[in-house]
Structure formats: structure tokens, C-alpha cells
Amino acid sequence: MAYLGRHAIVIGASMGGLLAARALADHYEEVTVLERDGLPEAHEPRKGVPQGRHAHGLLARGREVLDRLFPGLSEEMVAQGAVYGDLVDNVRWFNHGVYLLNVPSAMVGLLVSRPMLEDGGRRRLLLLTNVRLLVHSAALEPVFDRIISRVNGVRVLLQCETGNVETISTDLVVDASGRGSHSPAWLDALGYVKPREERVQVQIGYMTRLYRRRPEHLPGKQAIVMAGCQPGWRFGVILAQEDDRWIVTLGGYLGDRPPTDEAGYLEFARSLPKPEIFEVIKDAEPLTSLTPYQFTANLRRHYEELSRFPEGLLVFGDALCSFNPVYGQGMTVACTEALALRESLAAGPHGIARRFFQAASKLIDIAWQMAVGSDLQHPAVVGKRTAQVRFINWYLAKLFQAAQHDAVLATRFLEVANLMKPPPSLMEPRIALRVWKGSRAAA
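Residues numbered from 1 in each chain as written. Predicted model: local features only at pLDDT ≥ 70, side-chain atom pairs only at ≥ 80, totals over all residues. Heavy atoms only, no water.

With that settled, consider the packing of aromatic side chains. In total, this model carries 14 aromatic pairs according to the counting rule given. A ring pair is formed by F144 and Y192, whose centres lie 6.0 Å apart and whose planes are at 85°; its orientation type is edge-to-face. Taken together, the residues F144 in strand β8 (residues 138-145) and Y192 in the loop between α5 (183-189) and β12 (196-212) connect sequence positions 48 residues apart. In this structure, F144 and Y192 share a single accessibility class: buried. Ring centres 5.1 Å apart and planes at 90° place the aromatic pair F309 and F357 in the edge-to-face group. Here F309 is found in the loop between β16 (291-302) and β17 (313-315), whereas its partner F357 is found in helix α9 (residues 352-375), with 48 residues between them in sequence. In this structure, F309 and F357 share a single accessibility class: buried. Over the ring of Y192 we find R308, and its NZ or CZ is 4.2 Å from the ring centre. (Phe/Tyr/Trp six-rings, centres within 6.5 Å; stacked < 30°, edge-to-face > 60°. Helix = DSSP H or I, 4+ residues; strand = E, 2+ residues; numbered from the N terminus. Buried < 20%, exposed > 50% of the residue type's maximum accessible area, 1.4 Å probe, protein only. Lys NZ or Arg CZ within 6 Å of the ring centre and 35° of its normal.)

Further remarks concern unusual backbone geometry. A cis geometry characterises the amide bond from Q230 onward to P231, with omega recorded as 5°. Secondary-structure assignment places P231 in the loop between β13 (223-226) and β14 (235-241). Even without being glycine, D244 reaches a positive phi, approximately 50°. We classify D244 as partly exposed; its relative accessible area is 47%. For L419, which is not a glycine, the phi torsion comes out positive at approximately 60°. Tracing the backbone through its elements, the reader meets L419 in the loop between α11 (407-417) and α12 (429-442). L419 sits in the buried class, given a relative accessible area of 18%.

This next bit is on the pairing of strand β4 (residues 91-95). Both faces of the sheet carry side chains from a regular strand, because those side chains alternate between them. The element β4 is extensively covered by neighbouring structure, given that four of its five residues are classed as buried. As defined by bridge partners, β4 adjoins β13 across four bridges and the pair is classed as parallel. Of the residues in β13, the one forming a bridge with V91 is A223. Two elements, β4 and strand β5 (residues 98-99), share two bridges in a ladder whose sense is antiparallel. (Pairing = 2+ DSSP bridges.)

So, on to the side chain of R245. Among the structural elements, R245 can be located in strand β15 (residues 245-252). Here R245 is in contact with S113, L210, Y211, R213, L239, A240 and L287, once residues within four sequence places are set aside. (Contact = heavy atoms within 4.5 Å.)

Another aspect to go through is the packing of helix α1 (residues 15-24) against helix α4 (residues 114-125). It is the contact of α1 with α4, at a shortest axis distance of 10 Å, that shows an interaxial angle of 25°. As summarised for this structure, α1 and α4 are arranged roughly parallel, according to the angle between their axes. Of the two elements, α1 crosses α4, and the hand of that crossing is left-handed. Where α1 approaches α4, its residues M15, L18, A21 and R22 are matched on the opposing element by R114, L117, E118, G121, R122 and L125. Tallied by class, the residues present in the contact of α1 with α4 amount to five nonpolar, one polar and four charged. (Axes fitted to C-alpha atoms, helices over the stretch in contact; angles between N-to-C directions. Parallel < 35°, antiparallel > 145°, perpendicular 65-115°, else oblique. Left-handed = near helix turned anticlockwise from the far one by under 90°. Nonpolar A, V, L, I, M, F, W, Y, C, P; charged D, E, K, R; others polar.)

Under the criterion given, the structure shown has 34 salt bridges. Between E30 and R6 there is a salt bridge whose closest N-O contact spans 3.7 Å. Here E30, found in strand β2 (residues 28-34), pairs with R6, found in strand β1 (residues 5-11); they are 24 residues apart in sequence, far enough to count as distant. The class of R6 is partly exposed, set by a relative accessible area of 44%. Of the charged contacts, one joins D26 and R22 as a salt bridge, the two residues approaching to 3.1 Å between their closest N and O atoms. (Salt bridge = Lys/Arg side-chain N within 4 Å of Asp/Glu carboxyl O.)

Remember, this is a structural readout, not a statement about activity or role.
Now the structure itself:
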């Protein structure tokens, strides 16, 4: 194989970092992943991924790409207790006051905890002989050669507790450190312009608990997803996981969040627009304490707009864009970015960042418009409600009303929500006609 270079470094061993490293492994002789955390042997949440204790969604497109990058991963997860399911037939999707119709489909999802999925991906990655992982190792800053305007190394705090700092030479640094990425500050220090940031404040607060899953719970269904919608804008999910567990996450917008006591949590569940989640957890066996989480804002950094960017540096995953987690898009968008990174690397060693940022921007656009557009349905969320946003939200409400009785519409909506089809496919003439007829009948 003709490699692009000798060495590439990835900052962060979360899902984004693992996916970036997998793409790099085909193009560099050696790939080093730096992770400031220690990594548990068991499928346990870790400090660097606080959201790992909460419900996660791997969209159908994400599962498809993961199996392409790590062949056999889904089957391995299922053998360890994860759950395969038809995302249209085995999951109940609630929004705009109604449930989508459940019908058999070809869209297969994987219900699994974030720690188990991350562990599986990491183990698969480390089977590659040219990939190594350094734990308890924090990237401090890139080393920049100003003569050639190129990053050619990283200063790293190895074994963080020892205070030992070393410089590791590299041909490419990929910042997959997440939402708290230091790349904007690094660019500023190197004399480059920082990327424009776009934020939509949602002030999400939610609470999660694991419960024992019993056969009589939700007969025939593996999950319920209740989106926040008027009048109360509270949301909730209950998802099957490995080890015969349910993970239940309940929350609200703009400071509305579940109480921290059990009675208050149950009452919050009772306040959801449909009773199914409450009916399960009111008598179910709790397996963990209540765990809170807060998310402030959708955040996007527009690196694709920069006219100057140093060679040898790249930004990936949540460090590019961090979505409201209630839509479950983050891991799947990172999966598609990994494919875009592969293509950008295949085009040669020069201009990688420019090619990748442009390709990733197109992928992010789709998920960003879906997430932010949905958040802007809430009248108190501050943001620009263009005519297009208002029309799409009106149209989707009509689509949901029709899709409670229409298998074609229910399936098409979930194909788009799972990033299997582009959003314009919701407005194809035959689909729009079904929406018009179905919503009139529902009214």
C-alpha cells in the first residue's frame, strides 16, 4: 500500500476519534490515538464521556457505516446482548400528538449502550497492527513549523499524573476531542482566523435511569421515542439494551427538567403526553440511581468557510458540530464523516483539510437543519425562523398526522430521520399528495 505519510495522530478515543483513526489507518503507516482518560475493561461509562450514562441513538445509517468500517461489529454486539430491531415496526415514534404507524421495513437498528458500542469499536480498531492507543495522555498543543505553515507534531502530557511532556512528530493531527475542542484557540495562537460559530440555545435538562426489562413490558416493541412537542415540550425515551435492561431518559427544554427524587421522576414521566413509559417504570425494578445531564446549545463551527488553514491539522466529529442529543445524530454523522475523510485522504496528501471540511459541511447541513428546525418549533427557543423553516415544520406536522395511518409516509419519514434518504424526498410529489390526503382525513 502507498501511504500518505508515516504517522497520524488522533486526539480523543471517543466514537469520533475511533472512526477518524479507522479512516486514517488505511493511509498512514502508523496511527496513534491519544486519550486523557483511562479506559474501563467492562462496559462502564467513563469521565470523558459524561453522556455515556444516558440514552443514545445509533441511526440506521450509522449502523450501516459502522459495519462497513468494522465488519461484523453489529453481530458481535448482538451476540453480547445488544438488540436488533426494525426501526419502523419495533419502535414507537411520537410527535405532533400522534404515533407513527408501525409496519415492517428493511431498516434495521441496533439498540446498545454507548459504553458497549464504544468498547466494541475500540477493540476492533486495535486489531489493526498499525494503530496504537495511549491512555492518560493529553494533547497540549500542536507543534507548528512557521516556515512551511504546517503542523508537524503535538506536545503531549504522557501519563498525566507524572507531568512528563513529550513532542510526538506526525504528518497529520486530527482533533476529535469533542465539543470542548481547543482548535479555535490553537488557530488564534498561530495567527489564523478562528471559525465562525453558530449556536442555538435549548437549555436541555434530562435525567436517566436503568431498569430491569421484563417480557411483559411494551409487548412486541423495543423502544418508545417521544419528542418534545406542544403543549408541554417534555420528551422521553425508553430503549432496550444489553443485559435485559431498559434505559429511560426524561427531560425538557429551557430549564424544565425532571426532579432528582424518585417520586418526582415518576410524576414527570406521568406528565408526558402518552402513558406508556410511565406504565413501565412505575413498577419496574430500578438498576441505577437517577443521573442528570445538561446540554446548553447546538454548536457548529464553520471551518469550511476559512480561506487559510494550516496543513497537517484537521477537526472532526463533535469538534466540528455538536447537535442537541435528543435527536441521536452525533454518532451517525461522525460515521459519515469517516467515509468523507477516507475520500479526502484518497485524493492525496495536500489540501486534505479543505476537501474534508467541504465534504463534512454538506453532511452536517442535513442533520443541523433537521435538529435546529425541530428545536425552533418551541416558541421560546431563540433562533432565525425563516420562511423555509416555518413551512417545513408546518409540513412535518401534517405528515405526522397522515403517517399515523400511512405505512409509506411513516417509513419515508424514518428513512429521512435515520439519514438513509435526503430530506427533499419527503416532498416528492407522490409523498406530498399522500400527506395532503392523509392530513385532511385525520382532520
